[in-house]
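Here's the letter readout for the chains.
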Amino acid sequence: MKVGIVGAGMVGSAAGYALALRGGASEIVLVDRSAALATAQAEDIAHAVPFAHPCQVRSGGYERLEGAAIVILAAGVAQKPGESRLSLLSRNAEVFAQVIEGVQRAAPKAMLLVASNPVDVMTEVALRASGLPAGQVIGSGTILDTARFRWLLGDHLGIAAQSVHAYVLGEHGDSEVLGWASARAGAITVGEFAEQVHAPITEEVRARIDEAVRRAAYRIIEGKGATWYGIGAGLARIVQAVRDDQRAVLSVSVVTPEVEGVRDVALSLPRVVGASGVVATLAPDLDPSEAAALRASAEMLKETALGIR
Ligand code: ADP
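Just so we're clear, the structure is a prediction, and the values are computed from it rather than from any experiment.

### A few points about the UniProt feature "modified residue: Phosphotyrosine" (unreviewed entry) in the protein
Logical step 1: Residues given the UniProt feature "modified residue: Phosphotyrosine" (unreviewed entry) here are Tyr218.
Logical step 2: With respect to the helices and strands, Tyr218 occurs in helix H7 (residues 203-224).

Shown next, in the form of C-alpha cells:
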C-alpha cells in the first residue's frame, strides 16, 4: 500500500520511520514545503529499509502522491511569540486547506490521517476541506494517551499492556477523560483484577496514573522540546489497521454525530478501524463524573472549532 506523508518534520518523519520498520507500507512518499527536508528525511529513512522490510521511500511534490491509499497530514506552523491559540489554529487551518487541495488533486480518494495539533480540531478542519466521508478523515486523537494508560495500568497490575483494555476518551489534550469505569484486565474490571493480585487501585494510584497520562507530553516537551516517536508508532499502527482491514478497536478522533449531547464534534472514542476507515464507534460505560467530563471536553472542542470557521 502506498502511504503519503505531508509534513516531513519530526512527527511526519517518525511516522515514516515507524512504517518502514514495521513493514506497514510498500511505498512511502514524503512531501514538505521544504523539498530539501523531505528529500533528506526520505533518504535517511530509506537507509533503514535494508534492516527492515522491502519498501520504496521517496520524496517529491504532491503529484507523487498519486495512487496513495492513505495520506498522513503532519504539516503545521509553529506558534509565533505572543500569538493566541486561536490565531495559530486559523493559520494552521489555512495550511491544511492548501495541503488538502494538493493531496486531492493527486489522490482524490485517499483516506486522510491527521496528526497535526490540536489534532481534534484539525480533524474537523480536514473533514470540512476534503468533503470525504467522516470515517475516512481520522485523527490520531488519543491513540497515544490510551497506550500510556494501558502501559501504566499493566505496570501496576503486573501484566502486559496488551492484556489491558482501557481507553482515553475525548480531546487529545488537557480535557481528556481516562475511562476507568470501562477498563478491563483479562475479562474482569481492573478494580477486581487489582484486588485479586493484591495491588488495589487506591485513590492515590488512580491519581498518579491519571496525572502520568495527562502530563506525559508536557514532561517530554520539557526534556526534548517536542514528542515524535510515540505518535510516529501510533500513526503506523493506524495505517496497518487500514492496510490489513484489521477491524482493530483503536481510540481515534473522527467527527461524530453526537457525543453526550454535543453534535458534530471530532474527538476520540473506541472505534473499529478497517480498510474503509472507521466503520463503527463504541459507546463505553461511563460513570457520572466521566460522562460529565466527556461532555465538557466535547463542548470545549466544539466551541474551539466554531471559533475558526
Ligand atoms: P512537528 O514536531 O509537529 O512534526 P515540525 O515543525 O517538525 O513539527 O514539522 C512540521 C512540518 O510541516 C515542517 O517540516 C514544515 O516545513 C511543514 N509544513 C508547514 N507548512 C507546510 C505546507 N503548507 N505544506 C507542506 N509542508 C508544510
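After that view of the structure, there is still more to cover.
### Some points on the packing of aromatic side chains
Logical step 1: This model, assessed by the stated rule, comprises two aromatic pairs.
Logical step 2: Aromatic side chains Phe149 and Trp180 sit 5.2 Å apart centroid to centroid with 75° between the ring planes, which places their arrangement in the edge-to-face category. Of this pair, Phe149 sits in helix H5 (residues 143-157) while Trp180 sits in the loop between strand E9 (177-178) and strand E10 (184-185), and the two are 31 residues apart along the sequence.
Logical step 3: Residue Trp180 is classed as buried on the basis of its relative accessible area, which comes to 9%.

### A word on unusual backbone geometry
Logical step 1: Along the chain, Asn117 connects to Pro118 via a cis peptide bond; the corresponding omega equals -5°.
Logical step 2: Mapped onto the elements, Pro118 comes out in the loop between strand E5 (111-114) and helix H4 (119-130).
Logical step 3: Within the chain, His198 stands out as a residue other than glycine whose phi angle is a positive 55°.
Logical step 4: Relative to the helices and strands, His198 resides in the loop between helix H6 (190-196) and H7.
Logical step 5: Backbone geometry at Asp264 places phi at a positive 45°, although glycine is not the residue there.

Cut-off values and rules
Each chain carries its own residue numbering, running from 1 in the written order of its sequence. Restriction of local features to residues with pLDDT of at least 70 applies here, the model being predicted, together with a cutoff of 80 or more for giving and counting side-chain atom pairs; totals for whole chains, interfaces and linings are based on all residues. To obtain the side-chain values, all non-hydrogen atoms of the structure were included, while hydrogens and water were left out. UniProt positions are given in the numbering used here, feature names are shortened, and annotations may be inferred rather than shown by experiment. Note on conventions: DSSP H or I runs of at least 4 residues are helices, E runs of at least 2 residues are strands, and numbering of each starts at the N terminus. For Phe, Tyr and Trp, rings pair up if their centres lie within 6.5 Å, where Trp contributes its six-membered ring, and each pair is then called stacked (planes under 30 degrees apart), edge-to-face (over 60) or tilted (otherwise). Residue exposure (1.4 Å probe, protein chains only): buried if accessible area is under 20% of the type maximum, exposed if over 50%, otherwise partly exposed.

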